[in-house]
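Here's the letter readout for the chains.
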Amino acid sequence: MSDTFPLVFSVTSGKGGVGKTNLSVNLALELAKKGKRVVLVDADLGLANVDVLLGLTPPRNLFHLFHEGAGIKDILFPTPYNFSILPASSGMSEMLTLSTGQKLELLEAMDDLEGSIDCLIVDTGAGINKNVLYFNLAAQQRLVVLTPEPTSLTDAYALIKVLKMAHGVEHFKICVNMAKDAATAKEMFKRLYQACDHFLDGVSLDFLGFVPRDPGVRASVVQQKPFCAFAPDSAAARAVADMIPPWQCNFWRWAIAFVVCLPFAWRNLRQDFPLLRRHWRYVTLMSLLGVSLMNTFFYKAGQTTPSLNMALIAPTAPVIILLLSRIIYGEPISPRRLGGMCVVMAGIVVLVSRGDWQRLASLSFAGGDLWALGGALSFGLYSLFIR
């Protein structure tokens, strides 16, 4: 999804049912959001479903290119999400295996798009049949998608093995889809990496990231919309949109702010430097609690925690401040403060649930909730110690 992606990359898998096509659709959407001119090719020629996921009914598809003389621009179909698709057919036996002539015809047709697009995403079929291997070889980069299941891991390894042993392909990006959490995803990547390192000399795997299991994804499929559009605040959507880690963004944001403000604050800094040096431990602690730790914790939470959980946990900082004031400074919690705290929490619940109590009933604990609570605690400690 980042600017380092090549012009042409395939999204592929050894096993079906890993969410490869759904990921392809949402990658295309996120790239389009960044101003890229994107075309998504449905290269699962016999069982195409990109158009189904998007709720579209294109009048032509790649079958018409090969069998009815249609041009590539006649087939290209715009979506409401600022990218276009090259749809394929479903249930057409003639499309199961492309002939050499058809492969050349497709490559020549693609030349007509050169200069008018920035990114070409090729959503291949699953497995190691000739069509899958052809489209992976035609791509400049390959993104292999797997899930935290032994069969998915085995089939992903099989695909990589065939591409390496038979065709010399050595570089792959890896995405673990439908993972419980980051630890699960990294464990799956580690196992795949170890297998490739042990048996396939020269293969290089790059862990692109993971997409957590998210109920918003299933709901978006039912509605035939990309989950990055249907539920943009969901953990899955944030995972797909995550290109540059926010702590890097925060570092450069604060670094630039420091450079810009330094000329104006230099005189006072020089004057107060002995005081800052004397209290450097306190200053460092405040910067960690108020900026670094809080933002990092909330970022980590956002990878696996549904937005509803985040919206309920993040505003608990005032409550945490009251409790910490009692614990650390012994300040009494007056009935007025307690009443205000209850009113605040009730208001948060009503706003977040939008008055629909069934939304609250559907809440479930996620591992990222502890990270979100850590972020709220960090800000509470900062607010308490800064006074």
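Quick caveat, the model's predicted, so the values are computed rather than measured.

## Some remarks on the packing of helix α15 (residues 317-329) against helix α18 (residues 368-386)
(1) Moving on: Closest axis-to-axis distance for the α15/α18 pair is 9 Å, and the angle between their directions is 55°. Viewed along their axes, α15 and α18 adopt a mutual orientation that is oblique. When you trace α15 past α18, the crossing you get is right-handed. Listed contacts from α18 to Ala317, Ile320, Ile321, Leu324, Ser325, Ile328 and Tyr329 of α15 are Ala376, Leu377, Phe379, Gly380, Leu381, Ser383, Leu384 and Phe385.
(2) Moving on: In the contact of α15 with α18, the residues fall into twelve nonpolar, three polar and no charged.

## Comments concerning the sheet that holds strand β3 (residues 77-78)
(1) Moving on: Strands sit in the order β3-β4-β2-β5-β1-β6-β7-β8 across an open sheet of eight strands; the sheet is mixed. Of all strands in the sheet, those bounded by a partner on one side alone are β3 and β8 (204-212).
(2) Moving on: The pairing of strand β1 (residues 8-13) with strand β5 (residues 119-126) spans five bridges and is parallel. Looking across to β5, one finds that Phe9 is bridged to Ile121.
(3) Moving on: Contacts from helix α7 (residues 150-167) reach β1, β6 (141-146), β7 (171-179) and β8, with the element oriented near 160° to β6.
(4) Moving on: On the sheet, helix α8 (residues 182-199) packs against β6, β7 and β8 and is oriented at approximately 155° with respect to β8.

## A look at the nonpolar core
(1) Moving on: Membership of the largest hydrophobic core comes to 31 residues, with the highest contact counts inside it found for Leu23, Leu27, Leu40, Leu54, Phe83 and Ile121.
(2) Moving on: Only β1, α1 (20-33), β2 (38-43), α2 (50-53), β5, β6, α10 (227-230) and α11 (235-241) provide two or more residues apiece to this core.
(3) Moving on: Sort the elements by how many residues they give to this core and α1 lands first, with seven residues.
(4) Moving on: Once you skip the residues sitting within four places of it in the chain, Phe83 turns out to touch Val25, Ala28, Leu29, Ala32, Val38, Leu40, Leu54, Phe77 and Pro78.
(5) Moving on: Counting residues in each nonpolar core, the second largest holds 27 residues, with Ile72, Met95, Leu113 and Val122 among its members.

## Overview of the pairing of β5
(1) Moving on: With seven of eight residues buried, β5 is to be regarded as a mostly interior element.
(2) Moving on: By the bridge criterion, six bridges tie β2 to β5 in an arrangement that is parallel. Along β5, the bridge assignment pairs Val39 with Leu120.

## Here we look at α15
(1) Moving on: Across its 13 residues, α15 extends 17 Å between first and last C-alpha, which sits within 8% of the 18 Å expected from 1.5 Å per residue.
(2) Moving on: Those residues of α15 lying buried are Ala317, Val319, Ile320, Leu322, Leu324 and Ser325.
(3) Moving on: Taken from the residues just after α15, Gly330 is the one with a positive phi, measuring 70°.

## Quick look at the side chain of Ser10
(1) Moving on: Mapped onto the elements of the fold, Ser10 is located in strand β1.
(2) Moving on: At 2.7 Å, the side chain of Ser10 forms a polar contact with the side chain of Asn136.
(3) Moving on: If we ignore the near neighbours within four places in the chain, the residues touching Ser10 are Val122, Thr124, Phe135, Asn136, Ala139, Gln141, Arg142 and Leu143.

## Looking at the side chain of His64
(1) Moving on: Note on placement: His64 falls in helix α3 (residues 62-67).
(2) Moving on: When residues no more than four places from it in sequence are discounted, the contact partners of His64 are Pro59, Gly69 and Ala70.

## Some details on the packing of aromatic side chains
(1) Moving on: Overall, the coordinates contain five aromatic pairs when judged by the stated rule.
(2) Moving on: Ring geometry for Phe189 and Phe207: centres 5.1 Å apart, planes at 45°, overall tilted. In this pair, Phe189 sits in helix α8 while Phe207 sits in strand β8, placing the two residues 18 residues apart along the sequence.
(3) Moving on: Looking at Phe207, the relative accessible area reads 23%, which means it is partly exposed.

## As for the pairing of β8
(1) Moving on: Pairing geometry for β7 and β8, over eight bridges, is parallel. By the bridge assignment, Val176 is partnered in β8 with Phe210.
(2) Moving on: A crossover connection joins β7 to the parallel β8 through α8; in handedness this β-α-β unit is right-handed.

## Section: the confidence of the model for the chain
(1) Moving on: This prediction gives the chain a mean pLDDT of 84; 88% of its residues lie at or above 70.
(2) Moving on: Ranking the helices and strands of the chain by mean pLDDT puts β3 first, with 96, and helix α17 (residues 357-361) last, with 63.
(3) Moving on: Long-range and interchain partners of residues 1-6, a stretch whose pLDDT sits below 50, account for 14 contacts in this model, where long-range means more than four residues apart.
(4) Moving on: Below pLDDT 50 for its whole length, residues 243-247 participates in nine contacts with residues either more than four positions away or in separate chains.

## Looking at the pattern of salt bridges
(1) Moving on: Going through the model one piece at a time under the given rule, you end up with five salt bridges.
(2) Moving on: For Asp123, the salt bridge identified is with Lys20, shortest N-O distance 3.0 Å. You can see Asp123 sitting in strand β5 and its partner Lys20 sitting in helix α1, a full 103 residues away along the chain. No difference in accessibility class separates Asp123 from Lys20, as the two residues are buried.
(3) Moving on: Between Glu30 and Lys33 there is a salt bridge; the shortest N-O distance is 3.2 Å.

## Topic: helix α5 (residues 100-111)
(1) Moving on: Relative to the 16 Å expected for twelve residues at 1.5 Å per residue, α5 spans 17 Å between its end C-alpha atoms, a close match to the ideal helical length.
(2) Moving on: Listed in full, the buried residues belonging to α5 are Gln102, Leu106, Ala109 and Met110. All buried residues of α5 lie within an arc of 100° about the axis, which places them on one face of the element. α5 presents Thr100 and Glu108 as exposed residues on the side facing more than 90 degrees away from its buried surface.

What counts and how
- Residues numbered from 1 in each chain as written.
- Predicted model: local features only at pLDDT ≥ 70, side-chain atom pairs only at ≥ 80, totals over all residues.
- Heavy atoms only, no water.
- Axes fitted to C-alpha atoms, helices over the stretch in contact; angles between N-to-C directions.
- Helix = DSSP H or I, 4+ residues; strand = E, 2+ residues; numbered from the N terminus.
- Parallel < 35°, antiparallel > 145°, perpendicular 65-115°, else oblique.
- Left-handed = near helix turned anticlockwise from the far one by under 90°.
- Contact = heavy atoms within 4.5 Å.
- Nonpolar A, V, L, I, M, F, W, Y, C, P; charged D, E, K, R; others polar.
- Pairing = 2+ DSSP bridges.
- Core = buried A, V, L, I, M, F, W, Y, C linked by side-chain atoms within 4.5 Å.
- Buried < 20%, exposed > 50% of the residue type's maximum accessible area, 1.4 Å probe, protein only.
- Expected span 1.5 Å × (residues − 1).
- Polar contact = N/O pair within 3.5 Å; in protein donor to acceptor, adjacent residues only side chain to side chain.
- Phe/Tyr/Trp six-rings, centres within 6.5 Å; stacked < 30°, edge-to-face > 60°.
- Right-handed = clockwise from strand over helix to strand, strands pointing away.
- pLDDT = per-residue confidence, 0-100.
- Salt bridge = Lys/Arg side-chain N within 4 Å of Asp/Glu carboxyl O.
- Arc of directions from axis to C-beta.

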